[in-house]
Amino acid sequence: MEEKEKKKHRAKQSGPKAEKKRKRYLNELGIGDEENARKRNPKAFTVQSAVRMARTFHRTQDLKTKKHHIPVVDRTPLEPPPVVVVVVGPPKVGKSTVIKCLIKNFTRQKLVEIRGPVTIVSGKKRRLTIIECGCDINTMIDLAKVADLVLMLIDASFGFEMETFEFLNICQVHGFPKIMGVLTHLDTFKNNKQLKKTKKKLKHRFWTEVYPGAKLFYLSGMVHGEYQKQEIHNLGRFISVMKFRPLTWQTSHPYVLADRMEELTNPEDVRINPKCDRKISLYGYLRGAHLKNKSQIHMPGVGDFTVSDVSFLPDPCALPEQQKKRSLNEKEKLVYAPLSGVGGIVYDKDAVYIDLGGSHAHEKEEEEVRPNQELVQSLISTHSAIDVKMASSKVSLFLDSAPLGSEDVGQEFVMPKEERQVDLKTGRVRRKAVFEDDEKENDDVASDEEDDQEEEEEEEEAVSEDGSDGDDENDAEEESERVLLREGMAVRRAKRLKTEVPQEEAVNELPAFADSDDDLELSSEEEGETAPEDSEVEEDEEEEEEEGDVQRTCEDESSGSEFEAANKRAESKQCDMDSEHTETKPQISEHSPKRKAVLTTDSGNCTAEEASESEDENSSLEEGDDEGESHEELEAKESNRNGFQDSKAKKADSVKHTKVKTVDTEDDDDVENLLREEEEYEEKIDLSGDTTGALKWKEDLTQKAAEAFLRQQRSTPNLRKLVYGTAVEDEDQESEDADDELGGLFRVSRPDKASKQKANALDCSKFLVEKPQDWDLEEVMSSIRDCFVTGKWEDDKDAAKLLEEDEELYGDFEDLETGVVHKGKAAAGGEQSGSEEEEEEDEKMSKPEPEEEEKKKERMDKKRKLKEMFDAEYDEGDATYFDDLKEEMHKQAQLNRAEFEDQDDETRVQYEGFRPGMYVRIEIENVPCEFVLNFDPHYPIILGGLGNSEGNVGYVQLRLKKHRWYKKILKTRDPLILSLGWRRFQTIPMFYIEDHNGRHRLLKYTPQHMHCGAAFWGPITPQGTGFLAVQSVSGTTPDFRIAATGVVLDLDKSITIVKKLKLTGFPFKIFKNTCFIKGMFNSQLEVAKFEGAAIRSVSGIRGQIKKALRAPVGAFRATFEDKLLMSDIVFVRTWYPVSIPMFYNPVTSLLKPAGEKDSWSGMKTTGQLRYERGIKLKQNKDSLYKPIVREKRHFNKLHIPKALQKALPFKNKPKNLEKKGKTPKDQWRPAVIREPHEKKISALLSALSTVNNYKIKKAKVKHREQLKEYLKVKQKEDEQKFKRQKEAKKKVYRILGQREKKRQKSSLKGSSKGEKSM
Amino acid sequence: MAGSAAGEAQCLSYTGCNFLRQRLVLATLSGRPLKIRKIRAKEEDPGLRDFEASFIRLIDKVTNGSRIEINQTGTTLYYQPGLLYGGSLEHDCSPSRGIGYYLESLLCLAPFMKHPLKIVLRGVTNDQVDPSVDVLKATALPLLKKFGIDGESLEIKINRRGMPPKGGGEILFSCPVRKVLQPVQFTDPGKIKRIRGTAYSVRVSPQMANRMVESARGILNKFLPDIYIYTDHMKGVNSGKSPGFGICLTAETINGTILSAELASNPQGQGTAVLPEELGQNCAKLLLEEVYRGGCVDSTNQSLALLLMTLGQRDVSKVLLGPLSPYTIEFLRHLRSFFQIMFKMETKTPEEEHMGGEKVLMTCVGIGFCNLSKTIR
């Protein structure tokens, strides 16, 4: 019973299982396999229509080729620079939160405040540079140009905002980077359905803007002020696996998104003139293309500069070394953001700084580590909150480096003492920023210095207290404040410190003192709890030390060790050290509040080199042999020790010259000349330096160098020296040798006896043979014997050899039918031609077998070769043009990578330039002081490299279209701000349209929905570059700000745009078709210029200018196709060239003071000015519209002359159809009225006649039919009759014919008969 | 306000008139202003010569918006380049230098014009100083083709031959326009498969040419059987204003490398008369000398090849050259100062003995030059 109750098994009808079963079942039947439908039912797949088939084929091919991009050479370096991730969105959407979360996700570190770009290691092969983009349109434009990936944050609770669309449009113009949307504020939706709906709506809108299927992320809610961990993790995953397409502009220009800025100006200059142009160095990863030294760059928002020096530094945020691990370990999760005060170690050209984060930062990290202490921490922090807040408010102002309004700055610099009196604390801080260097150099400002020293001492005392107390929080707070205060300055100062330290010759310039307070704090904290960051920092220090060692070739070991020792000491007991140092060198401690400078003894050397000219640098870099290098260094050191520090550059030059002189004394005249020549090219006229002391040892040096050179073979660097001219003495000797030995390669043309003559020698490209060889001699001839096809060939190209190999390959085969094995010749066989050999082979029988192994080897070889050939044939055969092109590009890319791979970076940089991915330091001179004074790390600093002649200005022609969302149309001659290339600038465009005959006609306004041309005076930018235009970059408007977009078409130094000009005149005498016209021109000459021009009257009568009249002046004779009226106005249409205003004004938004950077305003439009000043436009009365009153037109009667009338035919003669007058009443005829009887009669008559008519009609019809019938019959009869007659005729004719025949016969007979008878 | 706001590239400054052409050409291509001082300042006859003035005028003709300032004595020249314009032009070259002097520079500039260049040059077609038009036609045009500058319109046509001192020759040079150049890998010159040449004579006996051919063949036949030397005797108005004769020889390899040598007779009234046999023999020997030097580009066109490599895309280009001529060495220096480009130079000794002298492998990464003059539609 129970069994029955059990539920019966029901086979699955759907789902994967059922599917599987069905398939199996069908398979068993033999009709399964849906893919095999083609086999099962071939008829269904036959060609139904060839045409349609062709069409579908075409379509698929079209779709296929549409997917192709033009292949480009992949020029990405092996170690690419960090990916630039720009986080963009309207205010309060959560940009910084996303960045913080992302950084935390990747590095497990929490950044408090984000300023400028943050570089992090996100994976084994990828680094990210994350930067926030504000809503300032300047920032948006700049960042869109450097972005690889854009995270577009959208407030879902609000929807899209204008900023988002503006940024998208900017991106579209400047090359479209990858864009990912991120929806935030999704937690504000309470209703789930509403949420879903919004998501969908926003997604689809986003898709229409970017591309269908673009990735959109949802960040649903906040947990403790952060986004959910998993969501951020996912976002991070997506970012770190994303692939990027190369953008044209970015790949063709080098650029740097600077993440650090130092000022290098000579402090003395600043003291003398606080507004003097500054020298700065900027740091960052090089991206895009190779950057060459001394090339031109543009800094958007600042201006154009020439790079005065570039050097590459060790990567501060390096990718991990190659490991087999899957994930990064904690040590490798680096983060680098010097502008935000996070960076770990900072390398400079000749110094290394260790960033200890500042005490505040550590506090935060502490918090993070120990969340359970949060309460206590917060309590403590609140305890000292008032002071801190007071101070930090000022401080933060300073950190933004805009505490000084422009007026403040001026005051400060002019009257520093007064400034100091105002506020002790701020005064101190400020003064430090400004006058630190002055103090060192100018002893006369002693009072200031003393004060400073006192303060410093106070500080140090506080520090020592800290050290001793260990956990005095209040003091620590204060100290940290100070540190923070100085952070901002440190940025500027670091470089100065570097330049000055070398001047102190003392050995005890230990680097650890400056930052001692921080260290102290660290140690104190470490006592209490384990702070991982601190330990990391320490490690970093050590690492950094090591690297520093590596970096310097001749690092002093002792100093290194000393440094280490010092470090240890600093950690253990620093109070003493610090006090010492403050006493001995207060200024140094003052300079490096935050960073330690690792300085070695040879840093002096470095600076000397730096100061010397670039050639010298090159020489030191290129010096292959160590000796040479050491000489250089020695020189530098020597000079340093001698104490000629004021003119290092001169010295370096003079050193060189003395070298030169020594060589002169030794070597022959030729050498001398060569040297002079070299001098000429290097253009070192500066011989002022005095180096008599250095002469003696240098003599030896040159000799030594020469010897060393002789030992070396002629090698590449020497040829390079010969060409690029650095090692002079090497080169000439070398050339001599070459002359003697080879007479070929290095035969330098001897310059004339004097270098001056050489400079003015004959300019000829021919390479004359100086020592012609005797080509009649056999050995000379044999030296080039193999250059000809008749000579010996290389093995791989020799036809005979190749044939032989082929023979080996194809020579032996086995005849399967007969079983005979044909063998090819052995490799050593003779040199007969192929065909002969084959024949021979056929005859030959199999030889006795050689050794087994050899045979095997041969077989393998053959197989391989055959396979290669097969591959070659079949792979090639299938390849399309596209594939070939791709292959070519691939090959080129490989060559590009491989060519310089084996060289060290120093040399490589000279050949290629600095390659993308390097961390570079770029020095720039003559930067406006406002840039430094108003520096704000929140605004991106971009160094965009310029191509050749992209720094020049000229006329640029564009194709422009007003943006469809922009509400106004644009007016010619209104200033407009363009973003083109790297630049943003204001210019005055002129709009034009091209007529069908190629004329560029000026337009007053842009067309509404159409492209038009635009021309302006501005920077030369390659054709095809996109641009966008805005009317103003200041402030915000609710409206869409992008006014127009377009592309550059043409560049030129002259342009012709014309506008229409109508000259009017009036007839003053009219003949038949000729008339005299005045008022159009002012002189006979003008008329002469226009002779033959077409003129027209307003009524449309066309004519031509004939000739000028004597009087009145400017009048002329003209002929028309018809007679003019005196009231007619005559005009001539001419084209007048318009000049384009030469107005080019770069937008210098970064020079504005902090907080006003988005308020740059350039030239105003006339409309704006009128509006501001309340000027009303005076309108031309004639231009006003008035109601149109039209009088009724009255036409005169047509009058035909009598003579003409007579001549006309009657038809066309005007008839005298004058209306007859009304007939008078008496002439009217009376109407007839019938009697009833008469009526009856007439009715009857008409009835009868009707009947009669009908009858007649009927009879007629009948008759006609009868006639037809009759005719038919008759025709038949006729036919028959005709037939009969024909037959009868036939008969008759036949008879007649017979008779004729008979007669003929009979006549023949008859004649004979007749003859007989006769 | 207008022009000064944009950062004009910094001016380069040189002394002396030597290498004037290189400097002007590179300044034009790089867009950097140029100042040359002390042009023959110490000489009896200071300042620019007529042929240099003519060259500057030619540069002015092919560009638009150039600014050229020369001081009173002609010893200082300031040149601010404009954009290369091109188009159909005519130019009367000074007869004190050959047309080759002008043509060499035009070959460097022509591919980067706004409109394809079509220029008629009048003057001395063949002389002893400059590479003759025949040689440039035979060597430079194939070289341009290797860099992707080809097409029907690339040609040099010799309409009239003119010999020094009076000239009277006329050529037509036309060249298409390119936006970018291809990188080249040109490291294997290959073996010489044929020798061609032209022996020309104007206003002298037509037999001169034949005599030159005979003597040249005599020497070259020892190496190669495939020799054909055309004789070109121009008559009437096509023969210029002065008598003279000469020969130029080219050796073509299987890989398309063309090496050349040439000689011309002394101009009328200068030096002693030269025997055509001697001239032919000497020229053949010069060609052998050139073969000995070797390389993928002959010594006259080294600088052109290096320039086109420099102006390529940002890719590695390689070319194997013979020993660098002083002109080329100077050109390399100028390339560095104008374009910040350095070449990697490796000396290569041929593995086998009988392949001539040492060679130099020149490698560089192009600067990514693009033709800023060309209009896009």
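Note that the coordinates shown come from a computational prediction; the quantities given were computed from them, not determined experimentally. (Residues numbered from 1 in each chain as written. Chains lettered and ligands numbered in written order. Predicted model: local features only at pLDDT ≥ 70, side-chain atom pairs only at ≥ 80, totals over all residues. Heavy atoms only, no water.)

**With respect to a positive patch on the surface**
Part 1 of the reasoning: A grouping of Lys12, Lys17, Lys20, Lys21 and Arg24 of chain A is seen on the molecular surface, where their side chains present a positively charged patch.
Part 2 of the reasoning: Considering the arrangement of structural elements, one finds Arg24 of chain A in helix 2 (residues 16-29). (Patch = residues over 30% accessible without salt bridge, like charges linked within 9 Å, V, L, I, M, F, W, Y side chains within 5 Å. Areas by Shrake-Rupley, 256 points an atom, 1.4 Å probe, with all protein chains shown as cover. Salt bridge = Lys/Arg side-chain N within 4 Å of Asp/Glu carboxyl O. Lys, Arg positive; Asp, Glu negative; His and termini not counted. Charge placed at Lys NZ, Arg CZ, Asp CG, Glu CD. Helix = DSSP H or I, 4+ residues; strand = E, 2+ residues; numbered from the N terminus.)

**Observations concerning the packing of helix 3 (residues 50-62) of chain B against helix 4 (residues 99-109) of chain B**
All names here are of chain B.
Part 1 of the reasoning: Across the interface, helix 3 lies against helix 4 with an axial gap of 11 Å and an inter-helix angle of 25°. As far as their axial angle goes, helix 4 and helix 3 are roughly parallel. Helix-helix and strand crossings are classified by hand; for helix 3 and helix 4 the assignment is right-handed. Of helix 4, the residues touching helix 3 (which contributes Phe51, Glu52, Ser54, Phe55, Leu58, Ile59 and Val62) are Tyr101, Tyr102, Ser105, Leu106 and Leu109. (Axes fitted to C-alpha atoms, helices over the stretch in contact; angles between N-to-C directions. Parallel < 35°, antiparallel > 145°, perpendicular 65-115°, else oblique. Left-handed = near helix turned anticlockwise from the far one by under 90°. Contact = heavy atoms within 4.5 Å.)

**So, the confidence of the model for chain B**
Residue and element names in this part refer to chain B.
Part 1 of the reasoning: Looking at chain B as a whole, the pLDDT averages 91, with 98% of positions reaching at least 70.
Part 2 of the reasoning: Confidence, read as mean pLDDT per element, is least for helix 1 (residues 2-5) in chain B (37) and greatest for strand 10 (residues 169-175) (96).
Part 3 of the reasoning: Overall fold confidence (pTM) sits at 0.68, and the ipTM for the predicted complex is 0.93. (pLDDT = per-residue confidence, 0-100.)

**Let's talk about the environment of Val1113 of chain A**
Residues and elements named next belong to chain A.
Part 1 of the reasoning: Relative to the helices and strands, Val1113 resides in the loop between strand 33 (1102-1108) and strand 34 (1116-1120).
Part 2 of the reasoning: Placed 32 residues apart in sequence, Val1113 and Phe1081 show a C-alpha to C-alpha distance of 7.9 Å.
Part 3 of the reasoning: Those residues in contact with Val1113 that lie beyond four places of it in its chain are Phe1081, Asn1082 and Ser1083.

**Some points on the interface of chain B and chain A**
Part 1 of the reasoning: Listed per partner, the contact involves 112 residues of chain B and 97 residues of chain A.
Part 2 of the reasoning: Buried area between chain B and chain A, both sides added, is near 9300 Å², and the carbon and sulfur share of it is 54%.
Part 3 of the reasoning: Joining chain B to chain A, the criterion identifies eight salt bridges.
Part 4 of the reasoning: Between Asp776 of chain A and Lys285 of chain B there is a salt bridge, with its nearest N and O atoms 3.7 Å apart.
Part 5 of the reasoning: Across the chain B-chain A interface, the total number found is 43 residue pairs in polar contact (both at pLDDT 80 or more). (Buried area = accessible area lost by both parts, 1.4 Å probe. Polar contact = N/O pair within 3.5 Å; in protein donor to acceptor, adjacent residues only side chain to side chain.)

**What to know about the side chain of Arg287 of chain A**
All names here are of chain A.
Part 1 of the reasoning: Tracing the chain through its elements places Arg287 in strand 11 (residues 278-288).
Part 2 of the reasoning: Despite its burial, Arg287 remains without a salt bridge, the nearest opposite charge being carried by Asp148 at 4.8 Å.
Part 3 of the reasoning: Only 3.0 Å separates the side chain of Arg287 from the backbone oxygen of Pro82, close enough to count as a polar contact.
Part 4 of the reasoning: Among the polar contacts made by the side chain of Arg287, one reaches the side chain of Thr129 at a distance of 3.0 Å.
Part 5 of the reasoning: Every residue in contact with Arg287, bar those within four places of it in the chain, is listed here: Pro81, Pro82, Val84, Thr129, His253, Pro254, Tyr255, Leu257 and Pro916. (Buried < 20%, exposed > 50% of the residue type's maximum accessible area, 1.4 Å probe, protein only.)

**Some words on the packing of aromatic side chains**
Part 1 of the reasoning: Inspection of every chain in the model, using the stated rule, returns 28 aromatic pairs over all chains.
Part 2 of the reasoning: Between Phe55 of chain B and Tyr102 of chain B, the aromatic rings sit 6.3 Å apart at their centres with planes inclined by 40°, giving tilted as the arrangement. Taken together, the residues Phe55 of chain B in helix 3 and Tyr102 of chain B in helix 4 connect sequence positions 47 residues apart.
Part 3 of the reasoning: Residue classification places Phe55 of chain B among the buried positions, given a relative accessible area of 0%.
Part 4 of the reasoning: Seen from their ring centres, Tyr228 of chain B and Tyr230 of chain B are 4.9 Å apart, and the 70° between their planes marks the pair as edge-to-face.
Part 5 of the reasoning: Judged by relative accessible area, which is 45%, Tyr228 of chain B ranks as partly exposed.
Part 6 of the reasoning: The class of Tyr230 of chain B is partly exposed, set by a relative accessible area of 46%.
Part 7 of the reasoning: One aromatic cluster is present, built from ring pairs that chain together Phe160, Phe165, Trp965 and Phe1040 of chain A.
Part 8 of the reasoning: Note that Lys1062 of chain A overlies the ring of Phe1131 of chain A, its terminal NZ or CZ placed 4.9 Å from the centroid. (Phe/Tyr/Trp six-rings, centres within 6.5 Å; stacked < 30°, edge-to-face > 60°. Lys NZ or Arg CZ within 6 Å of the ring centre and 35° of its normal.)

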